[in-house]
Amino acid sequence: MTGIERRGLIVARHRREVVIEDTAGENWQGLIRGRDVRPLTGDEVVFRVEPDGTAVVDTLLPRRTVLERIDSRGRPEGVAANVSLLTIVVTSEPAPDWQLVDRYLVAAALMQIDAALVFNKCDLGDHALESPLAIYTKLGYRVCRTSVVAAQGLRELAVLLDKNRSVLLGQSGVGKSSLLNALLAVEAQAVRGLSSRRLLGRHTTSAAVLHRLPGGGELIDSPGVRRYAPVIADPAALPPGFLEFRPHLDACRFNDCRHLGDLGCAVQAAVERGEIEPQRYLSYVAMRRVLDRLAD
Ligand code: GDP
Ligand code: ZN
């Protein structure tokens, strides 16, 4: 039995259960059958409605991007599709892990999508983060300062997100849930919560849900998104992920320069001239060593 084919967007997924929003804005509860089609929240799909009303995903339309993490068995696992902006949240408490921040920024650069930083908990009045943040501003990344407690910077954050499909990333405790709740108008959240509860049963906390923000834009959130750690398979792909390395990469003496103290390395020379921040270079070295070890 086949029904008419429709196009839609996966707005929630939990294991094999999905909620699909069709092009008219109607939501359908659906199932993923078989192993060939593995849609993620954010995927555009072609689906069919069976006589019992169940929507079945037939085809995945091509993805622009996919966020992947390594699962417990060491295999890549998709967490969200077609994201256009990585929003990385940092705070003074817990203190930032700048190498983790750089890892997210590299992933965004390699996926050719945007990234921005959010300095949350500004109400704590700690200015120690301003000088490291200035490095990122200089590189062209937008930095937004917020406080959920003092209701500051939330409008600026909403503007940053309003034309994007984003995810909020960062260490546990930086305020990702608090920011998401503040961004979703209370009523909108209640309505959405209700419809996802109805459609996904008891799985609302483990599902990957695409939230529509009241000021425009979309935010995908799930436990998997929160554990997202970028997969960079090829160590040689890493250097251009550091935007400020790019102008120097062609000037290294050897094509296969690893920028780890190699002879005639233009990246290292730029670090010595003060054109590349030592903190960023050290992040590169740490990441590169891990990738080289994994590749061996
Ligand atoms: P998540 O783990 O990143 O989702 O962080 P949560 O949203 O659960 O927040 C962690 C803790 O930080 C909670 O106790 C929040 O109340 C607190 N918190 C969140 N935003 C702010 C803020 O802007 N200022 C302060 N002082 N605390 C905040
Ligand atoms: Zn080099």
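This text goes with the structure placed above it.
Every value quoted in this text rests on a predicted model; they were computed, and no experiment measured them.

Focus on the site of ligand 1
Around ligand 1 lies a shell of 16 residues, among which D123, V148, G173, S177 and S178 are the nearest. A distance of 3.3 Å separates a nitrogen atom of ligand 1 from a polar atom in the side chain of N120. The contact in question runs from an oxygen atom of ligand 1 to an N or O atom on the backbone of G175, over 3.0 Å. Contact with the protein chains removes 68% of the 580 Å² of surface that ligand 1 exposes when unbound.

Description of the packing of aromatic side chains
Tallied over the full model, the rule gives seven aromatic pairs. Pairing F242 with Y284 gives two aromatic rings, centres 5.7 Å apart and planes at 90°, and the pair type is edge-to-face. Of this pair, F242 sits in the loop between α6 (223-226) and α7 (246-249) while Y284 sits in helix α9 (residues 278-295), placing them 42 residues apart in sequence.

What to know about the pairing of strand β2 (residues 17-22)
Most of β2 sits out of view: five of its six residues are buried. In this structure, strand β1 (residues 5-14) lies alongside β2, joined through six bridges in antiparallel fashion. By the bridge assignment, L9 is partnered in β2 with E21. In this antiparallel pair of consecutive strands, β1 and β2, the connection spans two residues, and R15 shows a positive phi of 50°.

Digging into the pattern of salt bridges
Tallied over the full model, the rule gives 17 salt bridges. Notably, a salt bridge pairs D102 with R280, separated by 2.7 Å at the nearest N-O pair. Of this pair, D102 sits in helix α1 (residues 98-111) while R280 is found in helix α9, placing the two residues 178 residues apart along the sequence. With respect to class, D102 is no different from R280; both count as buried. The residue D292 makes a salt bridge to R288 at a minimum N-O spacing of 3.3 Å. Of this pair, D292 and R288 both sit in helix α9, four residues apart, which is roughly one turn of that helix. When its relative accessible area of 14% is taken as the criterion, D292 is described as buried. Among the ionic contacts, a cluster of salt bridges with common partners joins E21, R165, R212 and E218.

Calculation notes
Residues numbered from 1 in each chain as written. Chains lettered and ligands numbered in written order. Predicted model: local features only at pLDDT ≥ 70, side-chain atom pairs only at ≥ 80, totals over all residues. Heavy atoms only, no water. Near = heavy atom within 4 Å. Polar contact = N/O pair within 3.5 Å; in protein donor to acceptor, adjacent residues only side chain to side chain. Areas by Shrake-Rupley, 256 points an atom, 1.4 Å probe, with all protein chains shown as cover. Phe/Tyr/Trp six-rings, centres within 6.5 Å; stacked < 30°, edge-to-face > 60°. Helix = DSSP H or I, 4+ residues; strand = E, 2+ residues; numbered from the N terminus. Buried < 20%, exposed > 50% of the residue type's maximum accessible area, 1.4 Å probe, protein only. Pairing = 2+ DSSP bridges. Salt bridge = Lys/Arg side-chain N within 4 Å of Asp/Glu carboxyl O.

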